[in-house]
Amino acid sequence: MRRLLGICVLLLAVAAVPAWSADPTGIWVTRMEGPQGEMALEFEFHVNGDTLTGCNRSDFGEFKIENGKVEKD
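Here goes a summary of the coordinates provided.

## So, the pattern of salt bridges
Phase 1: All chains considered together, the criterion is met by four salt bridges.
Phase 2: The residue arginine 31 makes a salt bridge to glutamate 38 at a minimum N-O spacing of 3.6 Å. Assigned by exposure class, arginine 31 and glutamate 38 land together as exposed.
Phase 3: Between arginine 57 and glutamate 42 there is a salt bridge, with its nearest N and O atoms 2.6 Å apart. Taken together, the positions of arginine 57 in strand 3 (residues 51-58) and glutamate 42 in strand 2 (residues 37-48) put the pair 15 residues apart, joining distant regions of the chain.
Phase 4: Judged by relative accessible area, which is 26%, glutamate 42 ranks as partly exposed.
Phase 5: Residues participating in the shared-partner salt-bridge network are Glu42, Glu44, Arg57 and Glu62.

The rules behind these values
Residues numbered from 1 in each chain as written. Predicted model: local features only at pLDDT ≥ 70, side-chain atom pairs only at ≥ 80, totals over all residues. Heavy atoms only, no water. Salt bridge = Lys/Arg side-chain N within 4 Å of Asp/Glu carboxyl O. Buried < 20%, exposed > 50% of the residue type's maximum accessible area, 1.4 Å probe, protein only. Helix = DSSP H or I, 4+ residues; strand = E, 2+ residues; numbered from the N terminus.

Here it is in structure tokens:
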């Protein structure tokens, strides 16, 4: 379960690389196919200086994002 969530976060980060020069603050929504069918993922990011916080919501619940760091563009 955690591995699937980690893969989802990695895929979203790679897909969003061109957008990182802009402020990532906001809600990002994606869908992915998993072993149990299609799953919706929602990421909510808040940037304050170089600190990133927020949460990840999915069919499995909500997970907080804490102690994230924003560097460069």
